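# A structural walkthrough
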Amino acid sequence: MGGPDSGIQSGAATQAHSLTGHEMDEDMDTGGQEQVIFDMDQGFPQSGYTQEQVDEMNQQLNQTRSQRVRAAMFPETLDEGLEIPSTQLDPAQPTAVQRLSEPSQMLKHAVVNLINYQDDADLATRAIPELIKLLNDEDQVVVSQAAMMVHQLSKKEASRHAIMNSPQMVAALVKAIANTNDLESTKGAVGTLHNLSMHRQGLLAIFKSGGIPALVKLLSSPVESVLFYTITTLHNLLLHQEGSKMAVRLAGGLQKMVALLQRNNVKFLAIVTDCLQILAYGNQESKLIILASQGPLELVRIMRSYDYEKLLWTTSRVLKVLSVCSSNKPAIVEAGGMQALAMHLGHPSQRLVQNCLWTLRNLSDAGTKIENLDNLMQGLVQLLGSTDVNIVTCAAGILSNLTCNNQKNKVTVCQVGGIEALVRTIIAAGDREEITEPAVCALRHLTSRHPECEVSQNAVRLQGGLPTIVRLMHPPSRWPLVKAVIGLIRNLALCPANHAPLRENGSIPRLVHLLIRAFQDTQGVSTLTRGGSRGSTSQAAGSYADGVRMEEIVEGTVGALHILAREGHNRAIIRGLSVIPIFVQLLYNEIENIQRVAAGVLCELAADKEGAAMIEQEGATAPLTELLHSRNEGVATYAAAVLFRMSEDKGGEYTKRLSQELKSSLYQRGQEENLWGNDHMAPADLQDMMGYP
């Protein structure tokens, strides 16, 4: 049991003992790496020491122990020149005493600091009444000296607390700022307020003492240090002190801050712009004051002129807040705000890019007529490839707005690969409607009414977009997305090469299903509100779902089916879906556009004998004859075409009579050359019947 190994076992669990056996000293501890083993019974025969020498060494160490502890913990108390024998064998391994010395030194410093803190607090408390008198002195030199002394006191925490606990002192400092023209007095007083504003209690003291009007007045100072102290103090107040925003507004702070935007210290400007953002957020009056002070112009200039990320970020946040204001929005756009924001879309700072995008999205509906947006368009198309959902959502939304009724932007987006990027985005987005809806809207704009639209219509198919686009007409898509998809499919159907794939992906039955649903909703409302019946000449003013009128869905689906019905196979499918009765009923609808698309789809379906017969069986002749006199040229001409096609196999006399009726109706209008809209050509057989060359 007590053999030589027992020492190793104990050594493995504890530190090695010193010569005296007291663990406290641990003078020969080697850190447990190479255990030093002693057999206390046998002395040290292997070391060459005699027992007397060992006893002497132990005695010496015992005598100097208190001095070693004192040297480690309170070295300043030792007599000069006194040498203490070291017990450290390995410089890398501190002794136990040395290990204890560090926390004891920390404790000693804490005690000293406490004593000093109390001294500072006592000194400040005793000095404050005297300093208040001096700050209120009529002699500016005295005030200046007092202000500098208070500023020095405010740099130490204890005395700073004493100052902020004295309302009279804070009031005296505010009075000194408001009344003096002496630079040193101002510097000292505002420097003190700046130090106080680092504490909630200090902010409250400044606010209660009426410090905000005095500080706002200082924003006109030409001195850099005074301005910096002032804006930082106001910034702290705006961030953390309730009631400060209104006080700054009432003191005219907004106008002063906008004027400061012309300075060129980027860190100073970052604080000014952040103050403006805090003041303008959720406050329309502040936004209008910034506008009246030429704020948008200065903010856009900053976005163009600097590269300090924090300043660009704070400025973009002000522009974001202003961009939701209908008065500021055009001013930012006219100042070149969209181009300035576009400069930063490739910046490595995500927060800056995100704020620029949010601002651009807010501005984009006012920027549809702006020129020179090529860089912006290219940047947005590139951002569609981002992994950040928010960035993709914003980029798609901006593209949707800027491609609306703007041929130049449409062509630019197509030329920089926008169609391909949007299709990839829609496929990747799955059921994220915040992305798919604006992306589909952008594609809808890009596939109609511009020189490259045919290329775009083909590109959607070539990118493999059609299956996903048709799927988006199915649940869980909500009505705003469904409406956008219907419009896109209508445009895609203008390209003959898309007819077969659209058919194969099941678009026609789905369009018919949506039409029936929406039509029934409008009829339901009509019945409830007007007791409407088949053939009623007016519908109710709107059945809404998710903000979309069902009349819009009716018009959209019938419009898409109208274009799809240009192809024979598609007409056969439509005929088989029992939807012709609805088309005929829609001829009675009070909305002219719905009448036009209904007459249009019937015009296409009547191209086949089977279709013409089914239309006639549904009693279409009466409403179509009525529509010959429609104010809308397109409606009248489609109606004429359907009637003519239905009459083709009726014999010469009927056709002749119909021909006379059509001619007289159209000639009365005197506008037969203006009958067709942009997308529509009069059917060839109607041209023949009317006697056109």
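Quick notes on the rules
- Residues numbered from 1 in each chain as written.
- Predicted model: local features only at pLDDT ≥ 70, side-chain atom pairs only at ≥ 80, totals over all residues.
- Heavy atoms only, no water.
- Core = buried A, V, L, I, M, F, W, Y, C linked by side-chain atoms within 4.5 Å.
- Buried < 20%, exposed > 50% of the residue type's maximum accessible area, 1.4 Å probe, protein only.
- Helix = DSSP H or I, 4+ residues; strand = E, 2+ residues; numbered from the N terminus.
- Contact = heavy atoms within 4.5 Å.
- Polar contact = N/O pair within 3.5 Å; in protein donor to acceptor, adjacent residues only side chain to side chain.
- Salt bridge = Lys/Arg side-chain N within 4 Å of Asp/Glu carboxyl O.
- Axes fitted to C-alpha atoms, helices over the stretch in contact; angles between N-to-C directions.
- Parallel < 35°, antiparallel > 145°, perpendicular 65-115°, else oblique.
- Left-handed = near helix turned anticlockwise from the far one by under 90°.
- Nonpolar A, V, L, I, M, F, W, Y, C, P; charged D, E, K, R; others polar.

### What about the nonpolar core?
Membership of the largest hydrophobic core comes to 178 residues, with the highest contact counts inside it found for Met-257 and Phe-583. Tallying contributions element by element places helix 13 (residues 266-280) first for this core, with 10 residues. Setting aside residues up to four positions removed in sequence, Phe-583 forms contacts with Leu-515, Val-558, Leu-561, Ile-574, Ala-598, Val-601, Leu-602 and Leu-605.

### Some details on helix 20 (residues 374-383)
Three or more residues of helix 20 are buried, namely Leu-376, Met-377, Gly-379, Leu-380, Val-381 and Leu-383. Where helix 20 is buried, its residues touch helix 18 (337-342), helix 19 (350-363), helix 21 (389-402), helix 22 (407-415) and helix 23 (418-429).

### Brief notes about the side chain of Ser-185
The topology assignment puts Ser-185 in helix 7 (residues 183-196). At 3.3 Å, the side chain of Ser-185 forms a polar contact with the backbone nitrogen of Ser-144. Non-local contacts of Ser-185, meaning those with residues more than four positions away in its chain, are made with Gln-140, Val-143, Ser-144, Ala-147 and Thr-180.

### Quick word on unusual backbone geometry
Cis geometry is adopted by the peptide bond preceding Pro-476, which originates at Pro-475 and carries an omega value of 5°. Within the secondary structure, Pro-476 sits in the loop between helix 26 (466-471) and helix 27 (479-492). The backbone of Asn-405 shows a phi angle near 55°, a positive value even though the residue is not glycine. Under the relative-accessibility criterion, Asn-405 is labelled exposed at 54%.

### Considering the pattern of salt bridges
Per the counting criterion, the structure on display carries 14 salt bridges. Where Lys-329 meets Asp-365, a salt bridge forms, and the shortest distance between an N and an O atom there is 3.0 Å. One end of the pair, Lys-329, is in helix 17 (residues 328-334); the other, Asp-365, is in the loop between helix 19 and helix 20, and 36 residues separate them in sequence. Of the charged contacts, one joins Glu-567 and Arg-503 as a salt bridge, the two residues approaching to 3.0 Å between their closest N and O atoms. With Glu-567 in the loop between helix 30 (550-564) and helix 31 (568-575) and Arg-503 in helix 28 (residues 499-504), the pair connects residues that are 64 residues apart, well separated along the chain. Each of Arg-571, Arg-575 and Asp-608 takes part in salt bridges that share partners, so that together they form one network.

### Quick word on the packing of helix 27 against helix 30
Two elements in contact, helix 27 and helix 30, have axes whose closest approach is 8 Å; the angle formed by their N-to-C orientations is 25°. In terms of orientation, helix 27 and helix 30 fall into the roughly parallel class. Handedness of the helix 27/helix 30 crossing: left-handed. Between helix 27, through Trp-479, Lys-483, Ile-486 and Arg-490, and helix 30, the contact on the second element is made entirely by Met-550, Glu-552, Ile-553, Gly-556, Thr-557, Gly-559, Ala-560 and Ile-563. Partitioning the contact of helix 27 with helix 30 into residue classes produces 6 nonpolar, 3 polar and 3 charged.

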